[in-house]
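Observations on the three-dimensional arrangement
In case you want the letters, here they are:
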Amino acid sequence: MARFARIYPAYVLSLIVAAPFFFFAVRHLDLPFFAWSKKHLFAACLLTVSLLQSWVPQAALTWNSVCWSLSVEAFFYLVFPLLLLGSAKFSKTN
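Since this is a predicted model, take the numbers as computed values, not measurements. (Residues numbered from 1 in each chain as written. Predicted model: local features only at pLDDT ≥ 70, side-chain atom pairs only at ≥ 80, totals over all residues. Heavy atoms only, no water.)

Looking now at the overall build of the chain. Secondary structure summary: the chain contains three helices and zero strands in total. Along the chain, helices (α) and strands (β) appear in the sequence α-α-α when read from the amino end. Looking at the chain as a whole, 26% of its 94 residues qualify as buried. Within the chain, counting contacts between residues at least 6 apart in sequence, those at least 24 apart form 41% of the total. Surface accessibility of the chain: about 7100 Å² in total, with carbon and sulfur atoms responsible for 76%. (Helix = DSSP H or I, 4+ residues; strand = E, 2+ residues; numbered from the N terminus. Buried < 20%, exposed > 50% of the residue type's maximum accessible area, 1.4 Å probe, protein only. Contact = heavy atoms within 4.5 Å. Areas by Shrake-Rupley, 256 points an atom, 1.4 Å probe, with all protein chains shown as cover.)

This is the structure in C-alpha cells:
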C-alpha cells in the first residue's frame, strides 16, 4: 500500500500531462490506430486510470504508453500473496 501511495500520484500526474496529446490524436488524426469507437476509448481510459491497461494487451500502450510497466508491477503486487501462499503449501508438502 505504501508503494502504491507513493507511485499513484505521480502516475496520475503523468496521465494529466499526456491527456491533451492523447485525446488530440484520438480526435484529429485519421490513422487506423486511432480509429476507435467511444466504447473502446472509454474502456481504454478506464483501464489506464485504474492501472489495468497491461492486463488487456490491446490497451497496454494507450494514453501514456510508458506507464505500462506500472500496470505490470500492480499485477505482480496483486498476485504475489497468492504465489506466497502457493509456495508455502508446496514447501510443506515436501
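Time to look at a nonpolar patch on the surface. Among the surface-exposed residues, Trp55, Val56, Phe75, Phe76 and Leu78 lie close enough to one another that they form a single nonpolar patch of about 460 Å² accessible area. With respect to the helices and strands, phenylalanine 76 occurs in helix α3 (residues 68-93). (Patch = residues over 30% accessible without salt bridge, like charges linked within 9 Å, V, L, I, M, F, W, Y side chains within 5 Å. Salt bridge = Lys/Arg side-chain N within 4 Å of Asp/Glu carboxyl O.)

What follows covers the layout of surface pockets. The probe, sized like a water molecule, is rolled over the atoms to show the empty space still left. Estimates place the volume of the largest pocket at around 260 Å³. Lining the largest pocket are 13 residues, and of these Phe4, Leu51, Glu73, Ala74 and Tyr77 sit closest to its centre. The biggest single contributor to the lining of the largest pocket is α3, with five residues. Taken together, the residues of the lining of the largest pocket sort by class into ten nonpolar, one polar and two charged. (1 Å grid on protein atoms, 1.4 Å probe; cavity = no way out; pocket = protein on both sides within 12 Å on 5 of 7 lines; lining within 4 Å. Points joined across faces, edges and corners; volume = space filled by probe spheres on them. Nonpolar A, V, L, I, M, F, W, Y, C, P; charged D, E, K, R; others polar.)

Below, the discussion takes up the pattern of salt bridges. Per the counting criterion, the structure on display carries one salt bridge. For glutamate 73, the salt bridge identified is with arginine 3, shortest N-O distance 2.7 Å. Taken together, the residues span a long stretch of sequence, with glutamate 73 in helix α3 and arginine 3 in helix α1 (residues 2-28) at a distance of 70 residues. We classify glutamate 73 as partly exposed; its relative accessible area is 21%. The partly exposed category is assigned to arginine 3, whose relative accessible area is 33%.

Attention now goes to the environment of phenylalanine 21. With respect to the helices and strands, the residue phenylalanine 21 is situated in helix α1. Separated by 43 residues in the primary sequence, phenylalanine 21 and asparagine 64 have C-alpha atoms spaced 9.6 Å apart.

Moving on: the nonpolar core. Counting eleven residues, the largest nonpolar core is built from Tyr11, Leu15, Ala18, Ala19, Phe22, Val26, Leu41, Cys45, Leu51, Trp63 and Cys67. At the level of elements, α1 and α2 (38-49) are the ones that each hand at least two residues to this core. Looking at this core element by element, the count peaks at six residues for α1. Look past the residues within four positions of tryptophan 63 in its chain and what remains in contact with it is Leu15, Ala18, Ala19, Phe22, Phe23, Cys45, Thr48 and Val49. (Core = buried A, V, L, I, M, F, W, Y, C linked by side-chain atoms within 4.5 Å.)

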